[in-house]
Amino acid sequence: MQLWTFQGIEIYDQMMREGITYCSKPTMGDNENFMYCYRWMAQQMRERIGEPPLSNIEFPMWAWYQYHSRKKRKPTLSCWDIPQGKSVFMEIELPSEQVLLSDFSMWHSPLNFTPVKDFKRIWKKMEQQDKLAGKMLDFFDYPLELQQEIADNWTDVFDFSQRDKSDKYGLHTSKRNRSIQATFWALRPSDVVDVIFFEHEGKSIKQSKLPNDS
């Protein structure tokens, strides 16, 4: 499976030095809500593609399968999500059985602790709990059964069979028109097809052929 990933130069260096690299801790945040979502994704990976190759791997690595649509799969260095500092942009090739694809737009529902489907019905339950408490509750303040119902609802991020093109938010358009992210456990040098080294400082992006080029 052809994928593209942006990673900090330290990730590339570890891969070349140790023959493997993986995510020991998410770089986007470490608050309770964020970590819950990433652990949820990791558990989904265990159930759908199997256990990680090393016992100390806890979190997934991320890549793009389809950045915009089937016609515009490959991201560019002008993408909004490229990391700051010295980084690498890698084209990689992984066996499909080692990759879990998910809808990038829908992934924002887990990140915001909102349901993907049955939104009105579940949101009504959340509002009822908020009313009883006299304030807007945090996800972890809801009864455990409601927390579980919301989290179980998130599995739709892996469902690409929905084709409701009337959805103005683009959450249920056909697979060819979706932004699709990929998660996997680890990356090895043999998985890399091509690599671009660059440095991103503020709005400036400087590309180089080698990691130590000035």
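Residues numbered from 1 in each chain as written. Predicted model: local features only at pLDDT ≥ 70, side-chain atom pairs only at ≥ 80, totals over all residues. Heavy atoms only, no water.

Chemist: Residues and numbers for helix 2 (residues 32-48), please.
Modeler: Its 17 residues give helix 2 an end-to-end C-alpha distance of 24 Å, which sits within 8% of 24 Å, the value for a rise of 1.5 Å per residue. Those residues of helix 2 that sit buried are Phe34, Met35, Cys37, Tyr38, Trp40, Met41, Ala42, Gln44 and Met45. Gly50 sits one or two positions beyond helix 2 and adopts a positive phi of about 105°. (Helix = DSSP H or I, 4+ residues; strand = E, 2+ residues; numbered from the N terminus. Expected span 1.5 Å × (residues − 1). Buried < 20%, exposed > 50% of the residue type's maximum accessible area, 1.4 Å probe, protein only.)

Chemist: Describe helix 4 (residues 119-133), listing the residues and the values that go with them.
Modeler: In this model, helix 4 (15 residues) spans 21 Å end to end at C-alpha, consistent with the 21 Å of a helix rising 1.5 Å per residue. For helix 4, the full list of buried residues reads Ile122, Met126 and Asp130. In an axial view of helix 4, the angular spread of the buried residues amounts to 85°, which keeps them on one side of the axis. Exposed residues lying more than 90 degrees from the buried face of helix 4 are Lys120, Lys124, Lys131 and Leu132. Here the buried face of helix 4 lies against helix 5 (144-153). Once helix 4 ends, the next one or two residues include Gly134, with phi positive near 75°. (Arc of directions from axis to C-beta. Contact = heavy atoms within 4.5 Å.)

Chemist: Please provide a residue-by-residue account of the side chain of Thr21, values included.
Modeler: Within the secondary structure, Thr21 is located in strand 2 (residues 21-22). A polar atom in the side chain of Thr21 sits 2.5 Å from the side chain of Gln14. (Polar contact = N/O pair within 3.5 Å; in protein donor to acceptor, adjacent residues only side chain to side chain.)

Chemist: Describe the nonpolar core, with residues and values.
Modeler: One finds Leu3 and Met41 to be the most contacted residues of the largest nonpolar core, which totals 52 residues. Sorting elements by how many residues they give to this core places helix 2 first, with eight residues. Setting aside residues up to four positions removed in sequence, Leu3 forms contacts with Ala63, Trp64, Tyr65, Met90, Glu91, Ile92, Leu94, Val99 and Ala182. With six residues, the next largest nonpolar core counts Trp4, Phe6, Leu77 and Phe198 among its residues. (Core = buried A, V, L, I, M, F, W, Y, C linked by side-chain atoms within 4.5 Å.)

Chemist: If you had to explain the packing of aromatic side chains to someone new, which residues and values would you point to?
Modeler: Going through the model one piece at a time under the given rule, you end up with 22 aromatic pairs. Each member of the aromatic cluster is reached from another via a ring pair, and the members are Phe34, Tyr36, Tyr38, Trp40, Trp62, Trp107, Phe113, Phe139, Phe140, Trp154 and Phe158. A cation over a ring is seen here: Arg73 above Tyr65, with NZ or CZ 4.5 Å from the ring centre. (Phe/Tyr/Trp six-rings, centres within 6.5 Å; stacked < 30°, edge-to-face > 60°. Lys NZ or Arg CZ within 6 Å of the ring centre and 35° of its normal.)

Chemist: Tell me about the packing of helix 4 against helix 5, and name the residues and values.
Modeler: Contact geometry of helix 4 with helix 5 gives a least axis separation of 11 Å together with a crossing angle of 150°. Considered as vectors, helix 4 and helix 5 are oriented roughly antiparallel to each other. In the packing of helix 4 onto helix 5, the handedness of the crossing is left-handed. Of the residues in helix 5, those touching helix 4 at Arg121, Ile122, Lys125, Met126 and Gln129 are Leu146, Glu149, Ile150 and Asn153. Of the residues that constitute the contact of helix 4 with helix 5, the class distribution is four nonpolar, two polar and three charged. (Axes fitted to C-alpha atoms, helices over the stretch in contact; angles between N-to-C directions. Parallel < 35°, antiparallel > 145°, perpendicular 65-115°, else oblique. Left-handed = near helix turned anticlockwise from the far one by under 90°. Nonpolar A, V, L, I, M, F, W, Y, C, P; charged D, E, K, R; others polar.)

By themselves, these observations are geometric and do not establish any function.
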